[in-house]
Amino acid sequence: MESFRRNMKYIDLSVFGALILLAVYACIAINATTRGNHNPLIPSHVMSKQIMWEIIGMIALVAGMLFDYRLLRRVHWWVYGISMVLLVAVFAFPAVQGAHSWIRLHSLSVQPSELAKLALIIWLATFMANVEESEVPDYRLRKQWIIFPIFLVPFALTYKEPALGQALVMIAIVLTMYTVFARRASFLVIMGFVVVIVAACILATTIYTQQTLGLIQNVLIKHHLLKAYQSYRILTWLDPSFSQDQYGYNIHMAQTAIGSGQLFGEGYGKGVLTSGGWVPNQWTDYIFSAIGEEFGFVGSAILVLLFLVLCYRLIRIAQTTIDPFGMYIAIGVVGMFSFQVFENIGADMYLSPSTGITLPFISYGGTSLAIDYLAVGLVLSVGLRRRKIRFQTIEHKGRSL
């Protein structure tokens, strides 16, 4: 107990502060987007449910922090296997808005893809830590082939739901963790792949826009390589004027709401587009547009700053622990959050295509919010135990001498 109390003083309070402020942002934004809005898609008692999930999330945060994350290394196959079973189970339940993404039990809805992201992080962290801690670490690509099928199974099942956004988050998690894990040759391969993808996106949106539009319409849509609505989201990203009254309506209205906020915003509850319910799904996918309209550039910048503080402090925990397993968990969680924040906010401003990714800790949700808090809690668990691990390592080295 005394040892536990000593470790408690190493809790990163800045993480708790950032999360509390993000929770305040979430409640304010969700209330603004749902108050007086009679859209049938908005859940009943939405604010009371959001507050309930915030409380559950905070409990998950503390539980994850107090839990010894190292135990997950022993059961990583169980965590991964259970999440895969749940990903398969979703197809036994009716589709909601065209997607088999939820397991619905009476009033409770669970989104297995959220758990699958955390399970993927835990499995990869275990594999990478085992390689680093082996007597002769082997970083050759041919020795790491198992990473691909382990990633491909949840990716394919999530994409099949279809939940393209969640599937893309899994790619971001793997790339982020592997970038830290890889040595020189593998790192150059990964960086080359990333550079090619970024360059292709830049060329597609600037120089070869018409050719890219033709490729999407004549190949991807015609041969059903993407769902029709997914293709149209890409089209509206490449060409903002494309179908603004139908497929591009959501993004167009979201960008208009953000622009109308200007520097300081219209004021809480005074956003015309937000209070009028003109932006579809504004309490989930497009919630950043409500913050932009009612709190302007300043309020939006503060929100982004909170995400930067959160990710920076999680990175600091990864940097200061000498346990590879804990480090990779922290890196995976940072990669997950970073991509989701960039993709969600970027979609509202035509910086990236809309993929249905929610904004972490801000968008309305149950499973996603609880898993996000739990993920941060596990990283805090790494931070609480890093000094104990360091002491044990030094002690072990002293005995070996």
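In this text the structure is predicted, and so the values were computed from the model without any measurement.

**Quick notes on the packing of aromatic side chains**
Throughout the structure, instances matching the rule amount to 12 aromatic pairs. The interplanar angle of 15° and the centroid separation of 5.9 Å between the aromatic rings of Tyr 69 and Phe 325 together place this pair among those described as stacked. In this pair, Tyr 69 sits in the loop between helix H3 (46-66) and helix H4 (76-89) while Phe 325 sits in helix H14 (residues 324-348), placing the two residues 256 residues apart along the sequence. Side by side, Tyr 69 and Phe 325 carry an identical accessibility label, which is buried. Where Tyr 178 meets Phe 181, the ring centres are 5.8 Å apart and the plane angle is 55°; that geometry is what we call tilted. Residue Tyr 178 and its partner Phe 181 are located together in helix H7 (residues 164-181), separated by three residues, close to a single helical turn. For the pair shown, Tyr 178 and Phe 181 are each scored as buried. Among the aromatic residues, those joined into a ring-pair cluster are Trp 77, Tyr 80, Trp 123, Phe 127, Tyr 178, Phe 181 and Tyr 328. Note that Arg 35 overlies the ring of Tyr 268, its terminal NZ or CZ placed 5.3 Å from the centroid.

**Comments concerning the pattern of salt bridges**
Within the structure shown, the criterion is met by five salt bridges. Close ionic contact of Arg 313 with Asp 12 constitutes a salt bridge, the shortest N to O distance being 2.8 Å. Of this pair, Arg 313 sits in helix H13 (residues 287-320) while Asp 12 sits in the loop between helix H1 (2-8) and helix H2 (13-34), and the two are 301 residues apart along the sequence. Judged by its relative accessible area of 26%, Arg 313 falls in the partly exposed class. Note on Asp 12: relative accessible area 12%, which makes it buried. Between Lys 117 and Glu 114 there is a salt bridge, with the nearest N and O atoms lying 3.0 Å from each other. Highlighted residues: Lys 117 and Glu 114, both in helix H5 (residues 112-133), separated by three residues, approximately one helical turn. Across the pair, Glu 114 and Lys 117 agree in class, each one buried.

**Remarks on the UniProt feature "transmembrane region" (unreviewed entry) in the chain**
Within this structure's numbering, the places UniProt gives as "transmembrane region" (unreviewed entry) are residues 12-31, 51-70, 77-95, 165-181, 188-208, 295-315, 322-342 and 362-384. The span residues 295-315 carries 100% helix and 0% strand; its end-to-end C-alpha distance comes to 29 Å. Secondary structure content for residues 362-384 is 78% helix and 0% strand, and the end C-alpha separation is 26 Å.

**Quick word on the packing of H7 against H14**
Packing of H7 against H14 leaves a shortest axis separation of 8 Å and a crossing angle of 135°. In terms of orientation, H7 lies oblique with respect to H14. Crossing of H7 over H14 shows right-handed handedness. Facing H7, whose interface residues are Leu 168, Val 169, Ala 172, Ile 173, Thr 176, Met 177, Val 180 and Phe 181, H14 presents Met 327, Tyr 328, Ile 331, Gly 332, Gly 335, Met 336, Phe 339 and Gln 340. Among the residues making up the contact of H7 with H14, the classes are represented as 12 nonpolar, four polar and no charged.

**With respect to the side chain of Arg 385**
The residue Arg 385 is located in helix H15 (residues 367-400) in this model. Separated by 2.7 Å, the side chain of Arg 385 and the backbone oxygen of Leu 66 make a polar contact. Other than its neighbours up to four places away in sequence, Arg 385 contacts Met 65, Leu 66, Phe 67, Asp 68, Tyr 69 and Arg 70.

**Remarks on the environment of Ala 119**
The residue Ala 119 is located in helix H5 in this model. If near-sequence neighbours (up to four positions away) are discounted, Ala 119 is found in contact with Val 79, Tyr 80 and Ser 83.

**Concerning the environment of Trp 123**
Summarising the element assignment, Trp 123 is placed in helix H5. Trp 123 sits in the buried class, given a relative accessible area of 3%. The spacing of Trp 123 and Leu 72 is 51 residues in sequence and 9.0 Å in space, taken between C-alpha atoms. Excluding anything up to four places from it in sequence, Trp 123 contacts His 76, Trp 77, Tyr 80, Ile 146, Ile 147 and Ile 150.

Procedures and definitions
Residues numbered from 1 in each chain as written. Predicted model: local features only at pLDDT ≥ 70, side-chain atom pairs only at ≥ 80, totals over all residues. Heavy atoms only, no water. Phe/Tyr/Trp six-rings, centres within 6.5 Å; stacked < 30°, edge-to-face > 60°. Helix = DSSP H or I, 4+ residues; strand = E, 2+ residues; numbered from the N terminus. Buried < 20%, exposed > 50% of the residue type's maximum accessible area, 1.4 Å probe, protein only. Lys NZ or Arg CZ within 6 Å of the ring centre and 35° of its normal. Salt bridge = Lys/Arg side-chain N within 4 Å of Asp/Glu carboxyl O. UniProt positions renumbered as here; feature names shortened; annotations may be inferred. Axes fitted to C-alpha atoms, helices over the stretch in contact; angles between N-to-C directions. Parallel < 35°, antiparallel > 145°, perpendicular 65-115°, else oblique. Left-handed = near helix turned anticlockwise from the far one by under 90°. Contact = heavy atoms within 4.5 Å. Nonpolar A, V, L, I, M, F, W, Y, C, P; charged D, E, K, R; others polar. Polar contact = N/O pair within 3.5 Å; in protein donor to acceptor, adjacent residues only side chain to side chain.

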